[in-house]
Structures are given as C-alpha cells and as structure tokens.
Amino acid sequence: YLVFDALRQKKISLQQTFSVSPKAWKMEGSRMFIDPKMQVPVEDLIKGMIVQSGNDATMALAEGVGGSVERFVQMMNEQSQLLGMKNTTYRNPEGLNETGHTTTARDLGLLATRLMRDFPEYATYFAIKKYRYEGTPAANDSNRNLLLFRDASVDGLKTGHTQSAGYGLVASAKRELPNVGTRRLLSVVLGAESENARANESQKLLNWGYSAFDAVKLFDANQ
C-alpha cells in the first residue's frame, strides 16, 4: 500500500532503481535472490515481493521508500491506523516472526479491500503467475498462490508463511454473475497446515461466497 501510494504521489517511479543493502541481501525466508551488485528497478522489486514472496525485495523497497527500515515500519503503523486496522502492529516490513508483530483476519481483509479499491492500476501485479529477475535462479519463478493456476476467476492476492503462523492466503476473485454483473470477493485463510491446504480452504470460501449469497442492487429512495 505504501509503495503504491509513493508511486501515485510520484515520490518514486516504476523505472527508478534501488540498491540492495547487505541487510536485504541476507534476508531469511523466501527470496527474490537479488544481491548488492544489483541496481533493481522498483517494478521488478514489486514483482519479486508479490510473485516470489521475496523478503529481500520487500526490504529493498522498505529502505528505498522509507529511507530506513525503522522509518518504513513507522509509516506502516501510521497507515494501518488510518485504514482502521485496530488490531495490527508491525515490527518489520517482511512479516517474519518478531515479538509484538501481529494482525488479524479482519484487518488483512480490510487492507486487501483498500489495496484493490485505492490502487486498481496496480492490481494486475497480484495476478502474475510467473516472474524471474534476470540473473536469479530460474526455478524460483512461480507465484506461491496456487489458486492462480487452478481458478481462472482468481486474480490475487498474497500468500504468507511462518513456522508459528502457519500458511496463510488472502485470495481475491472476480466472477460474472447472471443478472448481477461483475462481483469481487476476498477470502482470508490463516493457520493452514500446507500450501495446498490454504489453497483448498480459500477455494471453498470463495465458492461458498458466490453460491450462498445473493447480490442485491440498492436504490436511493430520494432519487
């Protein structure tokens, strides 16, 4: 959200390059596999963060946008409060385990809704199935969101995994419904036991949402 906001305000550009600090290079967990010899365009870092869940890309963006990791985390907490995420506290940009770093399914749903609504021009990044930055391992090119490969109506949004939190997925889908038109739904699954389990449970939730609820168009009685 903060990166897209910085782009919209022209504080940064998609073509602008950010350096890769030793801290970003040595990030644990899933990575884009960038290194300090590289100057990486912002657009590629966004793709690396979203498609490859790159903690290194995330750190490079945080340092580039915020000036420092500490300042960026402060910006994250300020923005989350503005969005009404009352049960979220950030301690780092990448989401790895850290004391006090917490959020909820409701807050993730709120963030996802605002992300799609406020920045529709960047939503296509979340639907990218395959991406690899030149000079990085060819095997590390697939989006971790398995639903992108299983359900044509799914167009995002983001996976997550840590040892303590389990496997999570905020999924988005857009389907055409008879007599209704286009309808988008978001699902949030946390604490699943595997990548496959989070995809399966997310699929169930989305299917249930489309089948169990009717879309009703509201009219203003004053019109």
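The structure displayed is predicted, hence computed values, not measured ones.

## Thoughts on the pattern of salt bridges
Proximity of charged atoms lets side chains of opposite charge pair with each other. Within the structure shown, the criterion is met by 8 salt bridges. Ionic pairing is found between arginine 175 and aspartate 151, a salt bridge with its closest N-O pair at 3.0 Å. With a gap of 24 residues between them, arginine 175 in strand S4 (residues 166-177) and aspartate 151 in the loop between helix H7 (147-150) and strand S3 (154-162) connect regions that are remote in the sequence. Per residue, the accessibility class of arginine 175 equals that of aspartate 151, and both read buried.

## A look at the packing of helix H4 (residues 55-66) against helix H5 (residues 69-82)
At a minimum axis separation of 8 Å, H4 and H5 run at an interaxial angle of 85°. Regarding the angle of H4 to H5, the classification is roughly perpendicular. Where H4 approaches H5, its residues Met59, Ala62, Glu63, Val65 and Gly66 are matched on the opposing element by Val69, Arg71, Phe72 and Met75. Looking at the contact of H4 with H5, its residues break down into 6 nonpolar, 1 polar and 2 charged.

## Structural notes on the side chain of arginine 175
Assessed through its relative accessible area of 19%, arginine 175 is described here as buried. Side chain to side chain, arginine 175 and aspartate 151 meet in a polar contact 3.0 Å long. Setting aside residues up to four positions removed in sequence, arginine 175 forms contacts with Asp151, Ser153, Gly181, Thr182, Arg183, Gln203, Leu206, Asn207 and Tyr210.

## With respect to the nonpolar core
One finds Phe4, Leu7, Leu45 and Ile46 to be the most contacted residues of the largest nonpolar core, which totals 46 residues. For this core, the secondary structure elements donating two or more residues are helix H1 (2-8), helix H3 (42-51), H4, H5 and helix H6 (105-118). Considering every element that reaches this core, the biggest residue donor is H4, with 6 residues. Within the second largest apolar cluster, 10 residues are counted, among which are Leu147, Ala171, Ala173 and Leu206.

Parameters at a glance
- Residues numbered from 1 in each chain as written.
- Predicted model: local features only at pLDDT ≥ 70, side-chain atom pairs only at ≥ 80, totals over all residues.
- Heavy atoms only, no water.
- Salt bridge = Lys/Arg side-chain N within 4 Å of Asp/Glu carboxyl O.
- Helix = DSSP H or I, 4+ residues; strand = E, 2+ residues; numbered from the N terminus.
- Buried < 20%, exposed > 50% of the residue type's maximum accessible area, 1.4 Å probe, protein only.
- Axes fitted to C-alpha atoms, helices over the stretch in contact; angles between N-to-C directions.
- Parallel < 35°, antiparallel > 145°, perpendicular 65-115°, else oblique.
- Contact = heavy atoms within 4.5 Å.
- Nonpolar A, V, L, I, M, F, W, Y, C, P; charged D, E, K, R; others polar.
- Polar contact = N/O pair within 3.5 Å; in protein donor to acceptor, adjacent residues only side chain to side chain.
- Core = buried A, V, L, I, M, F, W, Y, C linked by side-chain atoms within 4.5 Å.

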